[in-house]
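An overview of the molecular structure
Okay, here's what each chain looks like letter by letter:
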Amino acid sequence: MMTKIIRDNRNEFFSDLRSKKLSIAMCHGVFDLLHPGHIEHLAAAAKLADVLVVSVSSDEFVNKGPGRPVFDLETRMRSIEHLECVDYLIVSSSETAIPNLELIKPDYYVKGVEYADPSNDVSGNIR
């Protein structure tokens, strides 16, 4: 299956997906300069559930320093779109993943190992 970008009727789409009793894993991030660590993270997340949804931060909410993101939102999404382990992509038009978590209601919210130590969570939102 090719990755599908969900832009319209998001509430209806994810409600329908949940009604099918499929387990959902969600990853969220900037995914600028996509690297092997990202790919391994997404592949591992995909193994946790029937469906993997990736939420990608829109350009205006990327706080990675000057000149970032290197690639704009559409380019970053096109890169992820080619990964077989990703089922659906959604834009995050918010400073945090919380609105998309509330919309999608995933069974698993999967973050990288760098967030295992709560002191690394500068946003205070992972918990």
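So, here is what we can say about the structure in this document. (Residues numbered from 1 in each chain as written. Predicted model: local features only at pLDDT ≥ 70, side-chain atom pairs only at ≥ 80, totals over all residues. Heavy atoms only, no water.)

Counting residues in each nonpolar core, the largest one holds 19 residues, and the members touching the most others are Leu 42, Leu 52, Val 54, Val 56, Ile 80, Val 86 and Leu 89. Elements with a contribution of two residues or more to this core: β2 (24-29), α2 (36-46), β3 (51-57), α3 (73-81) and β4 (88-92). Ignoring sequence-local partners within four residues, the contact set of Val 86 consists of Thr 3, Leu 42, Leu 52, Val 54 and Ile 80. Among the nonpolar cores identified, the runner-up in size contains 13 residues, and Ile 6, Phe 13, Leu 17 and Val 51 belong to it. (Core = buried A, V, L, I, M, F, W, Y, C linked by side-chain atoms within 4.5 Å. Buried < 20%, exposed > 50% of the residue type's maximum accessible area, 1.4 Å probe, protein only. Helix = DSSP H or I, 4+ residues; strand = E, 2+ residues; numbered from the N terminus. Contact = heavy atoms within 4.5 Å.)

Another point: α2. Those residues of α2 lying buried are His 38, His 41, Leu 42, Ala 45 and Ala 46. Angularly, the buried residues of α2 cover 135° about the axis, an arc narrow enough to put them on a single face. Projecting away from the buried face of α2 at angles above 90 degrees are the exposed residues Pro 36 and Glu 40. Those residues of α2 hidden inside the fold are in contact with β2 and β3. (Arc of directions from axis to C-beta.)

Read these as spatial facts, not as claims about activity.
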